[in-house]
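What follows is the residue order along each chain.
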Amino acid sequence: MTTDQNDESREQGVEFGPLADEIEDETYPIDKETLLERYGDRELDLEGDTTTLRAVLEPMGDTTYESADDVRQSVIGMVSDEAVGRRNYSDRGGSTDTEEGDEASV
């Protein structure tokens, strides 16, 4: 059975594709300007849409990334609702009024 690369490079609704390996192999720390010079035109697939790394990270101020995970988390934090798929859906379960009241007794 083969592993689908898309499954490995998708995080929270963002498909990083080959960019996932490229940022993993990058030398850190790296500033946003250098990162975008190297990878800004790489495409990210969102749920039913695409965008570039530049379009996602450009609005951020001067930033230095300490790791590939730092880059991924910035992307995930900056993408619009288009990346999350079904709105208001969570497979984590929800809290109810009675659950919130139970916190004080724990």
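Cut-offs used in this document
- Residues numbered from 1 in each chain as written.
- Predicted model: local features only at pLDDT ≥ 70, side-chain atom pairs only at ≥ 80, totals over all residues.
- Heavy atoms only, no water.
- Core = buried A, V, L, I, M, F, W, Y, C linked by side-chain atoms within 4.5 Å.
- Buried < 20%, exposed > 50% of the residue type's maximum accessible area, 1.4 Å probe, protein only.
- Helix = DSSP H or I, 4+ residues; strand = E, 2+ residues; numbered from the N terminus.

## Topic: the nonpolar core
Consideration 1: Grouped together as the largest cluster of nonpolar side chains are 21 residues, with contacts concentrated most on Val14, Leu35, Leu44, Leu53, Leu57 and Val75.
Consideration 2: Mapped by element, the contributors of at least two residues to this core are helix H2 (19-25), helix H3 (32-39), strand E4 (43-46), helix H4 (53-57) and helix H5 (68-78).
Consideration 3: Per element, the largest residue contribution to this core is four residues, and it comes from H5.

## Some words on unusual backbone geometry
Consideration 1: Each neighbour pair has its own omega, and for tyrosine 28 with proline 29 the value is 5°, a cis peptide bond.
Consideration 2: With respect to the element layout, proline 29 can be found in the loop between H2 and strand E3 (30-31).

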